[in-house]
Each structure stands twice: as structure tokens, then as C-alpha cells.
Amino acid sequence: MKSKFTGALIGSAVGDALGAPVEGYSMKKVSSVYGEDWKMISGRYTDDTEMMIGVAESLIENKGFNGEDMAKRFIENYDPKRGYGPGSKEALRRLSEGESWKEASKKLFGGKGSYGNGAAMRIAPVGIFYYDDVDRLRETAYKSSHITHSNELGKEGAALQAFSIALAMQERVEKEGMLLELKEFVENEVYKEKIRKIEMFFEKEAEVDKKEVISELGSGEEAFNSVPTAIYSFIRSNSFKDAVVYAVSLGGDTDTIAAMTGAISGAYYGEEAIPKEWVERLEGGKKGKRYIRWLGEELYHIKLQLMQRDRW
Ligand code: R7I
Ligand code: MG
Ligand code: MG
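Computed from a predicted model, the values in this text were never measured in an experiment. (Residues numbered from 1 in each chain as written. Chains lettered and ligands numbered in written order. Predicted model: local features only at pLDDT ≥ 70, side-chain atom pairs only at ≥ 80, totals over all residues. Heavy atoms only, no water.)

(A) View of the overall build of the chain. Of the regular secondary structure elements, the chain holds 17 helices and zero strands. Here the chain has a C-alpha radius of gyration of 18 Å; the compact-globule value for 312 residues is 20 Å, and the two agree. Each principal axis of the C-alpha atoms in the chain carries an extent, and together these give about 50 × 45 × 40 Å. The buried share of the chain, reckoned over its 312 residues, is 59%. Accessible surface, the chain: about 13,200 Å² in total, of which carbon and sulfur atoms supply 48%. Distance from the positive charge centre (45 side chains) to the negative charge centre (51 side chains) of the chain: 3 Å. (Helix = DSSP H or I, 4+ residues; strand = E, 2+ residues; numbered from the N terminus. Rg over C-alpha atoms; globule rule 2.2 N^0.38 Å. Buried < 20%, exposed > 50% of the residue type's maximum accessible area, 1.4 Å probe, protein only. Areas by Shrake-Rupley, 256 points an atom, 1.4 Å probe, with all protein chains shown as cover. Lys, Arg positive; Asp, Glu negative; His and termini not counted. Charge placed at Lys NZ, Arg CZ, Asp CG, Glu CD.)

(B) Region of the structure containing the packing of helix α9 (residues 152-169) against helix α15 (residues 254-269). Closest axis-to-axis distance for the α9/α15 pair is 7 Å, and the angle between their directions is 20°. The angle between the axes of α9 and α15 places the two elements in the roughly parallel class. Considering how the two elements wind past one another, α9 and α15 form a crossing that is right-handed. Between α9, through Gln161, Ser164, Ile165, Ala168 and Met169, and α15, the contact on the second element is made entirely by Met260, Ala263, Ile264, Ala267 and Tyr268. Residue composition of the contact of α9 with α15, grouped by class: eight nonpolar, two polar and no charged. (Axes fitted to C-alpha atoms, helices over the stretch in contact; angles between N-to-C directions. Parallel < 35°, antiparallel > 145°, perpendicular 65-115°, else oblique. Left-handed = near helix turned anticlockwise from the far one by under 90°. Contact = heavy atoms within 4.5 Å. Nonpolar A, V, L, I, M, F, W, Y, C, P; charged D, E, K, R; others polar.)

(C) Geometry of helix α3 (residues 47-62). Between its first and last C-alpha, α3 extends 23 Å over 16 residues, near the 22 Å set by a 1.5 Å rise per residue. Burial within α3 is extensive, with 14 of its 16 residues counted as buried. Positive backbone phi, at 50°, marks Lys63, one or two positions downstream of α3. (Expected span 1.5 Å × (residues − 1).)

(D) Fine view of the packing of aromatic side chains. In this structure the tally under the stated criterion is 15 aromatic pairs. Summarising the aromatic geometry, the rings of Tyr34 and Trp38 are spaced 4.6 Å apart at their centres and angled 10° between planes, so their arrangement reads as stacked. The exposure classification of Tyr34 matches that of Trp38, with both residues buried. Centroid distance Tyr268 to Tyr269: 4.9 Å. Interplanar angle 85°. Geometry classified as edge-to-face. Here Tyr269 falls in the partly exposed class, since its relative accessible area comes to 23%. Through a chain of ring-to-ring contacts, three or more aromatic side chains come together here, namely Phe5, Tyr131 and Tyr300. The ring centre of Phe234 lies 4.8 Å from the NZ or CZ of Lys175, which sits over that ring. Above the ring of Tyr246, the side-chain terminus of Arg236 is found at 3.9 Å from the ring centroid. (Phe/Tyr/Trp six-rings, centres within 6.5 Å; stacked < 30°, edge-to-face > 60°. Lys NZ or Arg CZ within 6 Å of the ring centre and 35° of its normal.)

(E) Broad picture of the site of ligand 1. Ligand 1 sits among 21 residues. The nearest are Gly87, Ser88, Ser114, His149 and Asp253. Interatomic distance of 2.6 Å between a backbone N/O atom of Gly87 and an oxygen atom of ligand 1. Within the backbone of Asn117, a nitrogen or oxygen atom sits 3.4 Å from an oxygen atom of ligand 1. When residues of the shell around ligand 1 are traced back to their parent elements, those giving at least two are α3, α5 (86-96) and α15. For the shell around ligand 1, the leading source of residues is α5, giving three residues. Looking at the shell around ligand 1 residue by residue, the classes come out as four nonpolar, 11 polar and six charged. (Near = heavy atom within 4 Å. Polar contact = N/O pair within 3.5 Å; in protein donor to acceptor, adjacent residues only side chain to side chain.)

(F) Focus on the coordination of the magnesium ion (ligand 3). Every protein donor of the magnesium ion (ligand 3) is listed here as Glu23 (OE), Asp253 (OD), Asp255 (OD) and Thr256 (OG1), and their distances to the metal cover 2.0 to 2.3 Å. Each of the six donor atoms around the magnesium ion (ligand 3) contributes to a set of angles spanning 79 to 178°, which defines the coordination as octahedral. Each donor residue of the magnesium ion (ligand 3) lies on one chain, and together they are spaced E-x229-D-x1-D-T. The distance between the magnesium ion (ligand 3) and the magnesium ion (ligand 2) is 3.7 Å, with Asp255 acting as a donor to both metals. A residue pair is termed long-range when its members are at least 10 positions apart, and Glu23 in the loop between α1 (2-19) and α2 (27-34) and Asp255 in helix α15 qualify at 232 residues. (Donors = N, O, S within 2.8 Å, 3.2 Å for Na, K, Ca; no water. Tetrahedral: all angles 85-135°; square planar, octahedral: opposite > 155°, others 65-115°.)

(G) Quick peek at the coordination of the magnesium ion (ligand 2). The magnesium ion (ligand 2) binds to the protein through Thr46 (OG1), Asp47 (OD), Asp48 (OD) and Asp255 (OD); the donor distances cover 2.1 to 2.3 Å. Read in sequence order, the donor residues for the magnesium ion (ligand 2) give the motif T-D-D-x206-D.

Structure (C-alpha cells):
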């Protein structure tokens, strides 16, 4: 179980770093960069991982969700060179000027709030910490999203991604069964339809054309055009490497789709299944790979403590 906790977080960071150099590229351009060997290029992670670190730090410090504190971590960790989306940037600016975490995100996109994938891309710590408590998981996914993404579609994408990770944490889970559970879990029709498409693809005997995957599931920065793609990348593959390589190979929002695929796959296969060459190449330093692993271990230990306390 500990390896699933650390696997989800390191898996997310590895996916982010692998996809980062080709973010926004077409399928063809991605393959001209990576060829057949898929060597990690720089190992530097982006906003996806920087924000995921903030979510983990805050859950650890508060042994659960605290919106004000999580917003503070996002601001403290913020490095503009990590490639943040315009909506997230604006929300963080408002937060740093003292707006409350309940209000700052609501004014974006003409008052509708963002449906970008910026809340889903960072959700792995919520998925592992509440893997056994679906109500808490949903509530925490919505609230942690709300700090930057208040649009229902942005929040639902984050909750769906968190629940996918939670299912992957459970032993013995069958991939077909996961899709059924996901379809029941998700409350929004846009996502229900996408999961029906994943089922259709999954049931096909022949390899589905990647162009069809991109046009039906999406490969963009919107949560509904990337979370389902990450779930499909995981579901169709039989190893961590296959899943993440597939996610990047589609092009588009590669760092984010691969980060989300890596989080689900890391939770499912465990940390040992992540290619060593990729982990070695992943950046080090103060908040690098060793710190990310430590965050996973801390979440695991706190989870154990809370479970033991609940038993009494
Ligand atoms: O969601 P967000 O943090 O972006 C994350 C992406 C990832 O790919 C990261 O790797 C990083 O590169 O950025 O940032 P937002 O700006 O909130 O959302 C991303 C994009 O989704 C926006 O720039 C818009 O193009 C689109 N979008 C919307 N478009 C119209 N109306 C999000 N919400 C809306 C909307 O309400
Ligand atoms: Mg990014
Ligand atoms: Mg991205």
C-alpha cells in the first residue's frame, strides 16, 4: 500500500516531466521528438507537479483539507517559469492579494469559473488519501478545485480523476469494473458520455485509431477533454510505461494527460513499476523526487494513524 501512495505521486511527476517538452505538439511532432526509445529529455516538472506538491503539503500539515492553508501553499510554491495556465495564474494573483479562497476563482471566465484541467492535474494526493472514503474524496476534490477552478466541469473532472486513483489503490480491482464504478460516481452528463465512449473503445478487439481517441475523448486543456483521455490511456495499457507513453504520444496537453495517467498507473502498479531511468532523470533539489516520495510516505503514515484511531 505504501508503494501505491508513493507510486501515485512519483508517477504523476514522471508523467508531467515526460510530457512537458512536447506540450501542445501534434501526434506526429511528438513521435519525431521521442522516436522509439522514450528517453526522458530534461526531467524538469511543470505547474502540474508544483501544485500537486502544494495539495500534498497542505493535506499533511492539516491531516485533511484546509482551504486557506492550501491556497497559501500554492502561492508559496508558485514559480511562473513552470508554465501555469492563464486562469490559474489569475486566481493565484487574486489569492495573493488577499481574496478568500472561496471567492477568488469565481470571477474567472466571465463569472463562470474555469473548466481547465488545472484542478484535476494536481489531485493525486486527494485520490490516495481518501481512497477508502468516497464522500470525503468527492467533497475534498470539489473544495480543493474551487481554490482556482469553480466551474462545475472543472471540479467534476478533478473528482473523477481522484476517484480513478482511489479505485486503482484497491487490490483485486478489475478494469471493466472500474469503468462501471466511474460511470456511477460521476454526476455530470458530459463525463458520463465520455466514460461510455471509453467503454466502447475498451471493448473493441482491434486497436482503436489514435485519431479517433483524440476526436472522441479529447487531448486539450479542458478537464473534460483530458481526464477521460488519461483514464483511457491507463485502462488500455498493461504497464506503467505503456500507459504514460501512450498518453504523451497523443500530443496536445501532453504533460497534464501524462501526469494524470501516471498518477492512476502509479497507484495501480506501485512505485516499483515506474521505469528507473525515468525516476533517475526526474529533477532533484529541494522539492524534487526525494521530497515527492516523502510526501507520499507521510500521507501513508497519517492515513494509517487516522484509520487506527477510527477503529477505536
Ligand atoms: O486549468 P489551468 O490551470 O491550465 C492547466 C494547463 C495544463 O495544461 C498545465 O500543464 C498548464 O500548461 O496549463 O488554467 P486555465 O486557464 O484555468 O484553463 C486552461 C484553459 O482552458 C484556458 O486557458 C482556456 O483555454 C480553457 N478554459 C475555458 N475556456 C472558455 N471558457 C477554461 N475554462 C474556460 C471557460 O470557462
Ligand atoms: Mg504543466
Ligand atoms: Mg499541460
